[in-house]
Amino acid sequence: MIFGRKNLLSICFKALAAAAAFILVFAALQRLVTPKYASYAIEGGLLREYYDSSMDHDVIFLGDCEVYANFSTVALWEEYGINSYIRGSPQQLIWHSYYLLEDTLRHAKTPPKVVVLSVMAMQYSEPQHEPYNRLALDGMALSKTKIDAIRSSRMPDEDILSYVFPLLRYKDNWRDIGLEDFQYFFKDPRVSINGFMVRSDTMPAGFIPAPLPRASYDFGEKPLEYLEKITNLCAENDIELVLIKAPVLYPHWFLQWDEQILGFAEENNLIYINFLGYTDVIGLDYSKHTFNAGNHLNIFGAEVLSRYFGKILTDELGLPDHRQNPVLVSIWNDLAREYYALIDLQLSEISTHGEILTFLIK
């Protein structure tokens with residue numbers, strides 16, 4: 001009987017050891033084949049960086065490139081002492097932003113005072129492309145919120161498990177494994193300064209084609225539902241919600257869309273700012289403040305826009321100035337050093353090579 005118990009314990013320990021070894025190997029293989037976004041599609045690394053931040057934030061930006069390419073978090077800090085983070089990803093749809101807000105409230109010790117939401121994605125009623133869907137969801141930490149986000153966002157032929165276990169999706173990527181997969185095996189590369197992507201190059205805006213007319217300009221049921229959910233979630237947590245349209249020239253923002261957002265803002269007592277109507281006041285010059293012909297602002301345009309918007313956040317919403325807080329000053333000094341070092345490096349590369357070669361934060 002004693003021998004039987006010992007034998008049973010031995011079998012159990014061996015089974016547990018085998019299971020642990022399987023889990024370890026599975027996790028290692030999954031990590032190896034998962035894209036590191038170091039040399040291509042670097043925007044894929046944006047959302048995962050939020051969890052490494054060592055502070056809570058007074059302002060959270062939500063949206064697509066209308067936020068992560070156009071608002072400088074360092075400029076907001078240096079000019080006004082505003083502590084902000086941008087939770088944005090390429091073609092981030094309104095329901096993505098809702099679940100990222102849920103995730104932020106789950107993660108942060110104290111909720112933000114202000115949420116700034118780009119409304120450009122209100123034009124989309126359904127997921128558009130699987131790769132963009134992945135970029136918006138892969139970077140989220142695993143939680144019930146992420147599972148809910150996957151259920152609400154996935155394309156008809158997408159498997160929920162492939163979001164939870166990337167190895168199931170990238171199992172055929174062995175031939176694509178490269179040096180960066182080993183270089184960044186233990187720690188992902190950083191691609192932003194608190195969610196802002198630095199671009200120091202310039203491509204002036206030129207001819208912007210007239211937009212094609214649409215059969216309908218009405219927003220769909222799903223984006224309106226999630227805009228309402230974001231509004232309610234902010235109200236429940238005593239967060240001021242600010243709706244914005246970035247001052248970029250393309251894609252086109254229709255007057256009919258603007259009127260619908262304005263009506264929603266008035267009905268819900270929200271601030272809505274279409275920065276396209278204030279470009280002269282802001283001081284934007286599309287001959288030098290954009291890096292791709294008016295589709296995104298470059299670092300110089302982003303700083304100009306951020307200084308203008310920071311004054312609104314401070315004067316109208318009463319955001320505090322944290323530049324006397326020694327802990328935050330220390331953190332932001334480090335971020336600012338990285339920010340200016342990357343700008344200097346990019347400008348040097350443009351001068352020497354005619355293009356930017358470095359996008360990662362060293």
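Scroll up to find the structure this text is about.
Residues numbered from 1 in each chain as written. Predicted model: local features only at pLDDT ≥ 70, side-chain atom pairs only at ≥ 80, totals over all residues. Heavy atoms only, no water.

J.: Looking at this structure, I do not really get the overall build of the chain. What am I missing?
T.: When its secondary structure is counted, the chain shows 14 helices and five strands. The C-alpha radius of gyration computed for the chain amounts to 23 Å, which stays within 12% of the reference 21 Å derived for 362 residues, consistent with globular compactness. Expressed as lengths along the three principal axes of its C-alpha atoms, the size of the chain is roughly 85 × 50 × 45 Å. Here the chain holds 362 residues, and the buried ones make up 51% of them. For the chain, contacts bridging at least 24 residues in sequence account for 81% of all contacts bridging at least 6. Carbon and sulfur atoms make up 57% of the accessible area of the chain, which amounts to about 17,800 Å² in all. Here the chain carries 31 positive and 46 negative side-chain charges, and the mean point of each set is 12 Å from the other. (Helix = DSSP H or I, 4+ residues; strand = E, 2+ residues; numbered from the N terminus. Rg over C-alpha atoms; globule rule 2.2 N^0.38 Å. Buried < 20%, exposed > 50% of the residue type's maximum accessible area, 1.4 Å probe, protein only. Contact = heavy atoms within 4.5 Å. Areas by Shrake-Rupley, 256 points an atom, 1.4 Å probe, with all protein chains shown as cover. Lys, Arg positive; Asp, Glu negative; His and termini not counted. Charge placed at Lys NZ, Arg CZ, Asp CG, Glu CD.)

J.: What am I meant to see in the packing of helix α3 (residues 73-80) against helix α14 (residues 326-353) here?
T.: Two quantities define a packed helix pair, namely the angle between the axes and the distance from one axis to the other. As a packed pair, α3 and α14 sit with axes 10 Å apart at the nearest point and diverge in direction by 130°. Classified by the angle their axes make, α3 and α14 are oblique. The interaxial crossing formed by α3 with α14 has left-handed handedness. For the pair α3 and α14, the contacting residues are Thr73, Val74, Trp77 and Glu78 in the first and Leu328, Val329, Trp332, Ala336, Tyr339 and Tyr340 in the second. Looking at the contact of α3 with α14, its residues break down into eight nonpolar, one polar and one charged. (Axes fitted to C-alpha atoms, helices over the stretch in contact; angles between N-to-C directions. Parallel < 35°, antiparallel > 145°, perpendicular 65-115°, else oblique. Left-handed = near helix turned anticlockwise from the far one by under 90°. Nonpolar A, V, L, I, M, F, W, Y, C, P; charged D, E, K, R; others polar.)

J.: Please clarify how the nonpolar core should be interpreted in this entry.
T.: Nonpolar side chains in soluble globular proteins generally cluster together in the buried interior. With 52 residues, the main nonpolar core has Phe61, Phe71, Ile244 and Phe309 as its most contacted residues. Put simply, the parts of the chain that give this core at least two residues each are β1 (59-63), α2 (65-68), α3, β3 (114-118), β4 (240-245), α13 (299-317) and α14. Contact partners of Phe309, with chain neighbours within four places excluded, come to Phe61, Phe71, Val116, Val242, Ile244, Ile273 and Phe275. Within the second largest apolar cluster, 42 residues are counted, among which are Leu117, Tyr163, Leu227 and Ala265. (Core = buried A, V, L, I, M, F, W, Y, C linked by side-chain atoms within 4.5 Å.)

J.: Would you explain helix α10 (residues 221-236) in this entry?
T.: The periodicity of an α-helix, 3.6 residues per turn, causes residues three or four positions apart to be oriented the same way. In this model α10 runs 22 Å from its N-terminal to its C-terminal C-alpha over 16 residues, within 8% of the 22 Å that 1.5 Å per residue would give. Those residues of α10 lying buried are Lys222, Pro223, Tyr226, Leu227, Ile230, Thr231, Leu233 and Cys234. For α10, the secondary structure elements touched by its buried residues are α4 (94-107), β3, α6 (144-153), β4 and α11 (255-267). Positive backbone phi, at 55°, marks Asp238, one or two positions downstream of α10. (Expected span 1.5 Å × (residues − 1).)

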